[in-house]
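Secondary and tertiary structure notes
Take a look at the letters that make up each chain.
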Amino acid sequence: MSAAVEVAGLAKSFPPGPGVLPWRRRGQPVAALRGVDLRIRLAESVALLGPNGAGKTTLLKILCSVLLPDAGQVSLFGTPLVDRDGLVRRLVGYVNSDERSLYWRLSARENLAFFSALSGGGRARALREADRVLELVELAAHAERRVMNLSTGMRQRLCLARGLLGSPRLLLLDEPTRSLDPTATRSLERELRRMTETLDLTLLFVTHSLEQARRLATRAVVLRQGRVAGEVSLDDERHTWRLGRDPAAAPFPVADHLTVAADGQSAVFSGTPAEVAGLLAELHAAGVTTTDLAELPHPALDALLRSPA
Amino acid sequence: MLAFLRRDFLIDASYPWSLASQAVTLVGKILLWFLAAGILAGRPIPGVASGYLPWVLIGTAGAMLFSTALSAFASRLRQEQFSGTLEILFTSNTPFVRAVLYSSAYDLARVTPQALILIGLAWWTGPHRAVAGHLPLLAAFTVLAFALFAGLGLLAAAAVLAWQRGDPLVTLVSGAATLFGTAYIPAEVLPGPLAHLPQLVPLTPTLAGLRGCILGTTAPAELLPALAIVGLEAAVLLPVGLTVFNRSVEHARRSGGLSRY
C-alpha cells in the first residue's frame, strides 16, 4: 500500500435548494464533482486549489464521510470507503475553517477533552490527549481560557488541535488559515510543516493562496468545475523572485539565473532561498541597491490557475 | 454519555443564574397549582379521584418530561447545526444516532429531578392508597414512557435534519399533547367532540398509569390496559423514530444538509 487516498470517477451533485419561498423550487441540480480522479501518496502534502464552487470542500467532506458521493470509488490507506465506518473515524482528522464549530463557553481544554472522549477511553485519557494536542499547536498556556476569549488565530489553532486528536494519519484541512493575519498564517503553517515532518501525516488542504501551497505542499491539484484541471509538482526547492533596484545606484550585473528586464530597473531570479540571500550579498557588493524583493507564484501553477476553463 | 452531560452542564452553568432561574420556575409552577387547587377545593371534578393538586402535579411532571424528550433531540441537533459542530460530531468515533441521543441527556437529567420533586409533592398531598403491586407497574410505565417519548423525539430530530426546522412540529405536538393529554385538564371536562382527543395523545395512557401507580387511585389490574397501550405505542414509535432518523441522516449526507440551517 503506497497511497493514502485513491479517488476514481468521483461524482457528486446537490439537489436544487428551496427558493426564497420554500414551495417555489428552484432550478437545476448543482454538479459539484464530475468525475474526479486523485491519488495521494503516504505522507504526501497536497494543496487543493481552484475557484469558488470548484468542488474542493465537497471532495474533502466526501473523504471524511460527511457527504455521500453519487458515483465513484474512494479508498483510504488501501481500504475502500464504503460508508461511515471505523476507518474514517480512526484514520482521518477533519479541520474545518469555521471557528464557530467549537463550544465557545467551554475552555480550550474542555473542548478538546469532549471531542477526545467521543473516541472512548474515559476522562483521564481524554484530558491527556487534549493536553498532548494543545502542546502540539502551542496553546498549552491558554488551555483553561474559554474559547470566546481566544483570538481568531488561537481558535483556528484549536480547530487544528481537534483534527489531531487520536493521531490521525490523514489530515483534511479546509482553508486552515482563512481570516488569519500574515503573522498568524505563517505561524500556523510552521506548525503544520513541523507536524507533517515529525508525525508522518498525509496532508490534503484547501487553499486559495498559491504562496501557501508552495510553502506547505509538495504537489498542487487544481479543481475547476468539479474536475481535476491539472496538477503541479511543487517539490522543486527553487522559487522565482522579482527584485527592483534604486535607479541612482549601480545597474544589475550579469549573474547566473538572473534575468534583467529590458528597462534595467527590475530583474527576475530563480533559486532557493539560500541562493537568493547569496545573490543579494553579491549585488550589494557590486553597488546595487535592491528594492521590492517579492516571491513570484509558481509559474506552472499560476498558468494552470489562469488558464481558461 | 458522561462527556455530553459534562459538556452541557458546564455550558449551562456558565450562564449566570441559569440554574437558579430553573428553580424559580419550578417553585412558580408549584405555587400556581397550589393556588388553583385551593380555588377548586371542595368541588367535584370529573375524572379526578384524588383531589386536583396531586393530580395536576403528576400531569405537570409528565408533561415536562414529555416536552423535554420531544424537543431535546431536535433543539440540540439544531444548535449543533447552527454552530457547525454537527459535522465534527458526525466524523467522531461515536455513532451519530447515539451522539444525538446523548446530546439530549443533559436536558432530561435536568428536568428529571424537577419532575421527581413534583411527583414527591403529589404523593405527599395525595390519598396514599398505593400498594406494593403498583411499584413494578410504575417502573414499567416509566421505562416504556421514555422509550415512547424518545421515539417521538427522534421523529422531531429527523424533521430538523430534513427541513432544518423542526420546532413548529415540536411546538404543535407538544402543545396539543399538553392541552389534550390530560396533563392539566381531565378528558371528562373537555367539551363535545374534544373529549375524544385525549385517546389519541400518547401522553394520556402514560399519565393514567403514573397517577394510578403513585396515588393508588386505580387498582394494579385496571392499569394493565393503559400499560399495554403505552407498550404498543413505544414498540411502534421507537423503531419508526430510529428508522426515520437514520434515513434523514442519509438524506442529509446526500443533500449536504448536515451543515445547513
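About the thresholds
- Residues numbered from 1 in each chain as written.
- Chains lettered and ligands numbered in written order.
- Predicted model: local features only at pLDDT ≥ 70, side-chain atom pairs only at ≥ 80, totals over all residues.
- Heavy atoms only, no water.
- Helix = DSSP H or I, 4+ residues; strand = E, 2+ residues; numbered from the N terminus.
- Buried < 20%, exposed > 50% of the residue type's maximum accessible area, 1.4 Å probe, protein only.
- Contact = heavy atoms within 4.5 Å.
- Areas by Shrake-Rupley, 256 points an atom, 1.4 Å probe, with all protein chains shown as cover.
- Lys, Arg positive; Asp, Glu negative; His and termini not counted.
- Charge placed at Lys NZ, Arg CZ, Asp CG, Glu CD.
- Buried area = accessible area lost by both parts, 1.4 Å probe.
- Salt bridge = Lys/Arg side-chain N within 4 Å of Asp/Glu carboxyl O.
- Polar contact = N/O pair within 3.5 Å; in protein donor to acceptor, adjacent residues only side chain to side chain.
- Nonpolar A, V, L, I, M, F, W, Y, C, P; charged D, E, K, R; others polar.
- Pairing = 2+ DSSP bridges.
- Axes fitted to C-alpha atoms, helices over the stretch in contact; angles between N-to-C directions.
- 1 Å grid on protein atoms, 1.4 Å probe; cavity = no way out; pocket = protein on both sides within 12 Å on 5 of 7 lines; lining within 4 Å.
- Points joined across faces, edges and corners; volume = space filled by probe spheres on them.
- pLDDT = per-residue confidence, 0-100.
- Parallel < 35°, antiparallel > 145°, perpendicular 65-115°, else oblique.

Once that is clear, we can look at the overall build of chain A. On a plain count of helices and strands, chain A comes out with nine helices and 14 strands. Dimensions of chain A, computed from the C-alpha atoms along their principal axes, are close to 65 × 50 × 50 Å. Evaluated residue by residue, chain A yields a buried proportion of 50% over its 309 residues. Look at the contacts in chain A between residues 6 or more apart in sequence, and 69% of them connect residues 24 or more apart. For chain A, the exposed area adds up to about 14,000 Å²; of that, 52% sits on carbon and sulfur atoms. Once the 39 positive and 34 negative side-chain charges of chain A are each reduced to a mean point, those two points are 10 Å apart.

Counting from both sides, the interface comprises 33 residues of chain A and, opposite them, 29 residues of chain B. Roughly 2,800 Å² of surface becomes buried between chain A and chain B when both sides are summed, with 56% attributable to carbon and sulfur atoms. Here chain A is connected to chain B by two salt bridges. At the surface where chain A touches chain B, the tally comes to nine residue pairs in polar contact (both at pLDDT 80 or more). Among the secondary structure elements, those contributing two or more residues to the side of chain A that touches chain B are β1 (3–14), α2 (86–91) and α3 (108–117) of chain A. Looking at the side of chain A that touches chain B element by element, the count peaks at four residues for α3 of chain A. Its residues assigned to classes, the side of chain A that touches chain B shows 15 nonpolar, five polar and 13 charged.

On to the sheet that holds strand β5 (residues 79–80) of chain A. Residue and element names in this part refer to chain A. Pairing is antiparallel in the open sheet, where four strands are placed in the order β2-β1-β4-β5. At either margin of the open sheet sits one strand with a lone partner, and together these are β2 (30–41) and β5. Examined bridge by bridge, β1 and β2 share nine bridges and lie antiparallel to one another. Bridge pairing links Val5 to Ile40 in β2. Relative to β1, helix α1 (residues 56–63) is tilted by about 120°, and along the sheet it contacts β1, β2 and β4 (71–76).

All names here are of chain A. A sheet is described by the order of its strands in space; here four strands give the open sequence β12-β13-β11-β14, paired in antiparallel fashion. The sheet is open, and its two edges are formed by β12 (258–260) and β14 (290–296), each paired on a single side. Strand-to-strand, the axes of this sheet are offset by a mean angle of 20°, without reference to chain direction. Sheet analysis places strand β11 (residues 239–245) next to β14, joined by five bridges and oriented antiparallel. Bridge pairing links Trp241 to Glu295 in β14.

With that settled, consider the pattern of salt bridges. Taken as a whole, this structure holds 21 salt bridges over all chains when the rule is applied. Where Arg41 of chain A meets Glu44 of chain A, a salt bridge forms, and the shortest distance between an N and an O atom there is 3.3 Å. Overall, Arg41 of chain A belongs to the partly exposed group, its relative accessible area being 44%. Linked by salt bridges that have partners in common, Arg7, Asp8, Arg76, Glu80, Asp107 and Arg110 of chain B make up one network.

What the rule picks out here adds up to two cavities of 30 Å³ or more. Empty space within the largest cavity amounts to approximately 50 Å³. In this structure, the largest cavity is lined by Arg76, Leu77, Glu80, Leu86, Leu89, Phe96, Ala99, Val100 and Ser103 of chain B. Mapped onto the lining of the largest cavity, the elements with two or more residues apiece are α3 (52–83), α4 (85–90) and α5 (96–103) of chain B. Partitioning the lining of the largest cavity into residue classes produces six nonpolar, one polar and two charged. The volume enclosed by the second largest cavity comes to roughly 30 Å³. Along its surface, the second largest cavity is lined by Phe115, Ser116, Ser119, Arg125, Glu129, Leu165 and Gly166 of chain A. Along the lines of polarity and charge, the residues of the lining of the second largest cavity split into two nonpolar, three polar and two charged.

Another point: the confidence of the model for chain A. In the predicted model, chain A carries a mean pLDDT of 84, and 93% of its residues have values of at least 70. No element of chain A has a lower mean pLDDT than α2 of chain A, at 73, and none a higher one than α3 of chain A, at 94.

Residues and elements named next belong to chain B. Direction vectors running N to C along α3 and helix α6 (residues 105–125) enclose 175°, while the axes themselves pass 8 Å from each other. It follows from the interaxial angle that α3 and α6 lie roughly antiparallel. Packed against α3, whose contacting residues are Leu53, Pro54, Leu57, Ile58, Thr60, Ala61, Met64, Leu65, Thr68, Ala69, Ala72 and Arg76, the element α6 presents Tyr106, Asp107, Leu108, Val111, Thr112, Gln114, Ala115, Leu118, Ile119, Leu121, Ala122 and Thr125 at the interface. Class assignment of the residues belonging to the contact of α3 with α6 gives a composition of 17 nonpolar, five polar and two charged.

All names here are of chain A. If you trace the backbone, Thr202 turns up in strand β8 (residues 202–206). In this structure Thr202 comes out as buried when scored by relative accessible area, which is 1%. Setting aside chain neighbours within four positions, we find Thr202 in contact with Ala4, Ile40, Arg41, Leu42, Ala43, Glu44, Arg169, Leu170 and Leu171.

This paragraph deals with unusual backbone geometry. All names here are of chain A. Non-glycine residue Glu175 carries a positive phi angle of around 45°. Summarising the element assignment, Glu175 is placed in the loop between β7 (170–174) and α6 (182–199). Judged by relative accessible area, which is 18%, Glu175 ranks as buried. We note that Asp292 has phi near 50°; this positive angle belongs to a residue other than glycine. Along the chain, Asp292 turns up in strand β14.

Next up on the list: the pairing of strand β13 (residues 266–271) of chain A. Looking along a regular strand, one sees side chains alternate from face to face of the sheet. Residue and element names in this part refer to chain A. Here β13 shows a clear split, with Ala267, Phe269 and Gly271 buried on one side and none of Ser266, Val268 and Ser270 buried on the other. Pairing between β11 and β13: six bridges, direction antiparallel. Across the sheet, Gly244 pairs through a bridge with Ser266, a residue of β13. Taken together, the three bridges between β12 and β13 define a ladder with antiparallel strand orientation.

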